[in-house]
Amino acid sequence: KYKKCDGFSELEGDGPGGADPPSRWKPIAGRSLAAWAALLMSCSEASTFRVQQPSQKVESLYPHPGWVELDPEVLWSHFVGVIKEAVQAAGLHMRQIAGLGISTQRATFITWHKRTGKPFHNFISWQDLRSAELVNSWNKSLLLKVIHVIFTVLHFLTGNDRYLAPSFLTFSTQQTSMKLSWVFKNIHEVKAAKKNNCCFGTVDTWLLYRLTKGSVYATDYSNASATGVFEPFTKCWNPTLCNLLSIPMSIYPSVKDTSFNFGSADSEIFGAPIPIMAVVADQQSAMFGECCFHPGDVKLTMGTGGFWNVNTGGHLFASRSGLYPLIGWKIGEEVVYLTEGCMSDIGTAIKWAQDINLFTNVDETAKMARSIVDSQGVCFVPGFQVSVNDPYLCASFMGLKPSTTRNHLVRAILESIAFRNKQLYDIIVKKVRIPLQTIRADGGVSNNSFVMQMTSDLINKKIEKPANADMSSLGAAFLAGLASGFWTDKEQLKKLRRIEAVFEPQKDSEEYRPAMDTWLQATKRSLHW
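Residues numbered from 1 in each chain as written. Predicted model: local features only at pLDDT ≥ 70, side-chain atom pairs only at ≥ 80, totals over all residues. Heavy atoms only, no water.

Colleague: Got a sec to walk through the overall build of the protein? Specific residues and values, please.
Modeller: Scanning the protein from N- to C-terminus turns up 18 helices and 25 strands. Out of the 529 residues in the protein, the part that is buried amounts to 60%. Taking the intrachain contacts of the protein between residues at least 6 apart in sequence as the baseline, contacts between residues at least 24 apart amount to 71%. Element-wise, carbon and sulfur atoms account for 52% of the exposed surface of the protein, whose accessible area totals about 21400 Å². (Helix = DSSP H or I, 4+ residues; strand = E, 2+ residues; numbered from the N terminus. Buried < 20%, exposed > 50% of the residue type's maximum accessible area, 1.4 Å probe, protein only. Contact = heavy atoms within 4.5 Å. Areas by Shrake-Rupley, 256 points an atom, 1.4 Å probe, with all protein chains shown as cover.)

Structure below.
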């Protein structure tokens, strides 16, 4: 059952006798670190989960137009602080923590000096656009066209899907590879240190490095596969791509299983050594937290960005239609693959609307949207959209009139999320050759009933929403618990799932057709700004 409890969101399981008192807890801590917030989930032996909300947020930095960064020291202090806050609030001691699972935002990276541990620059966010010109140059290059031809021929001759993805390789600003290439071209300290003294890491790698005082330099398969530099077919860093982009292979960390004993946090940090039992990328972690363990299971995360993930089992699936393959998790001999489609500027668009006072509290937005019949022809185009890889897409409102109110603007923003969900879902249905099963939603925007209902209507499918929207923390806790023996198999995890709401189609999707056609027209006019 779900209830609010002293600042926590608490999910109570079916363990004998209910929740044990704090003195008898042996918690597994699942840690989710995103651009804006850090959360900690602790799990008791009675299958009770508590989510500790942070007292502060990790704010993004915008030093130049299109640049998005995070201060590594601020991120580190928040990381340590929220763990201490959560353990104290739960009435626990650090020595009682059985294990730590870390879930982090993917593709956000940093480089640092191997000997001193000093960063060469701030974290560069996955949303950062500094590599736009480099991306544009590569995508128009003759060399890339030659690569397409070579791998198209290889795929035709062999039928091996390993050659399919390179046959239509297109770079984007969201990929770590292009931003890393930009770093080596533009930051002198990195160029000077690259031969022997440069370390590269996504957020998870850097946290592991700091937690262990430099003794562990590693990542896991889920985080590595999300960089665009790691080859999911061969399960190793891609030397061909690195040679093309002049990135030395020596900078990459070793890659470990997702559910794995990475070592312990240094006792000086928390007052006791805490075993680090899992490291996982946020979207894959949410997939695991939603218990999407079977081929065809679908997860929709709507947070800072939007992500549709489909479990493809042991089959690595590549598509020419904006979907890309990932490693979901690796646990021993088990390797689970996912297909993913993403969209930017979901939570960020809503936060921007709040910052300019379109509304006071995000909980108001669903009611505002329903207070009017439609958006009165007003369309909101976010900074990116699913079907077009265009870093120059212009975020905009179109169709404004003298009668336009804040309610129309808010509804237009929420409708744009549902429309993009519809676009991605249609691509998945068309291209993924696996029958789709249950659709489970999570992320902060999944709390918006207007977006959830409209998405259900548009795709004509029911969508389950869990009692706890932060599935990334739960997934990290599950993975850490499996590694430490807290749970013995995934069947036990399925029994812990709690559903808060199920959204079923209430309107024919065709009723939305005129509004979606208008939105698509507005999107086309915002391209190549």
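Picking up where we left off.
Colleague: An account of the packing of aromatic side chains is requested, with residue identities and associated values reported.
Modeller: Enumeration according to the criterion identifies 26 aromatic pairs in this entry. Seen in terms of ring centroids, Trp-67 and Trp-182 are 5.3 Å apart; in terms of plane orientation they differ by 85 degrees. Their pairing is edge-to-face. Taken as a pair, Trp-67 in the loop between strand E5 (49–52) and strand E6 (69–70) and Trp-182 in helix H5 (residues 176–186) lie far apart in primary sequence, 115 residues in all. Here Trp-182 falls in the buried class, since its relative accessible area comes to 15%. Through a chain of ring-to-ring contacts, the aromatic side chains of Phe-109, Phe-200, Tyr-221, Phe-230, Trp-237 and Tyr-252 assemble into a single cluster. The positively charged end of Arg-130 is found above the aromatic ring belonging to Trp-182, 5.0 Å away from the centroid. Against the face of Phe-293 rests Lys-490, its NZ or CZ located 5.6 Å from the ring centre. (Phe/Tyr/Trp six-rings, centres within 6.5 Å; stacked < 30°, edge-to-face > 60°. Lys NZ or Arg CZ within 6 Å of the ring centre and 35° of its normal.)

Colleague: Report on the packing of helix H11 (residues 282–289) against helix H16 (residues 471–484), specifying residues and quantitative values.
Modeller: In the contact formed by H11 and H16, the axes pass within 7 Å of each other and the chain directions differ by 75 degrees. One way to sum up the angle between H11 and H16 is to call them roughly perpendicular. Residues Asp-282, Ser-285, Ala-286, Phe-288 and Gly-289 of H11 pack against Met-471, Ser-472, Leu-474, Gly-475, Ala-476, Phe-478, Leu-479 and Leu-482 of H16. (Axes fitted to C-alpha atoms, helices over the stretch in contact; angles between N-to-C directions. Parallel < 35°, antiparallel > 145°, perpendicular 65-115°, else oblique.)

Colleague: Just give me the short version of unusual backbone geometry, but keep the residues and values in it.
Modeller: Phi is mostly negative for residues that are not glycine, and the peptide bonds are mostly trans. Of note in the backbone geometry, Lys-235 takes a positive phi value of approximately 60 degrees without being a glycine. Looking at where Lys-235 falls in the secondary structure, it is placed in the loop between strand E12 (230–231) and strand E13 (236–237). Using a relative accessible area of 28% as the deciding quantity, one classes Lys-235 as partly exposed. Phi angles above zero are rare outside glycine, and Ser-246 is one such case at about 60 degrees.

Colleague: Tell me about the confidence of the model for the protein, and please be specific about residues and values.
Modeller: Predicted coordinates in regions of low pLDDT should not be interpreted in detail. With 87% of its residues at a pLDDT of 70 or more, the protein shows a mean pLDDT of 85. For residues 1–27, every residue scores under 50 in pLDDT, and the model assigns this stretch 72 contacts once sequence neighbours within four places are set aside. Across residues 384–388, confidence stays below pLDDT 50; counting only partners more than four residues off in sequence or on other chains, it has 21 contacts. (pLDDT = per-residue confidence, 0-100.)

Colleague: So what's going on with the sheet that holds strand E18 (residues 306–313)? Which residues, and what values?
Modeller: With mixed pairing, seven strands are arranged side by side in an open sheet as E19-E20-E18-E17-E23-E24-E25. Because the sheet does not close on itself, it has two edges, and the strands there are strand E19 (324–331) and strand E25 (499–503). Averaged over all pairs of adjacent strands, the angle between strand axes in this sheet comes to 30 degrees, irrespective of strand direction. Packing of H11 onto the sheet brings it into contact with strand E17 (298–302), E18, E19, strand E20 (334–343) and strand E23 (439–442), and relative to E19 it is tilted by some 60 degrees. Contacts between helix H14 (residues 406–431) and the sheet are confined to E17, E18, E20 and E23, with E20 contributing the most and set at about 135 degrees to the helix. (Pairing = 2+ DSSP bridges.)

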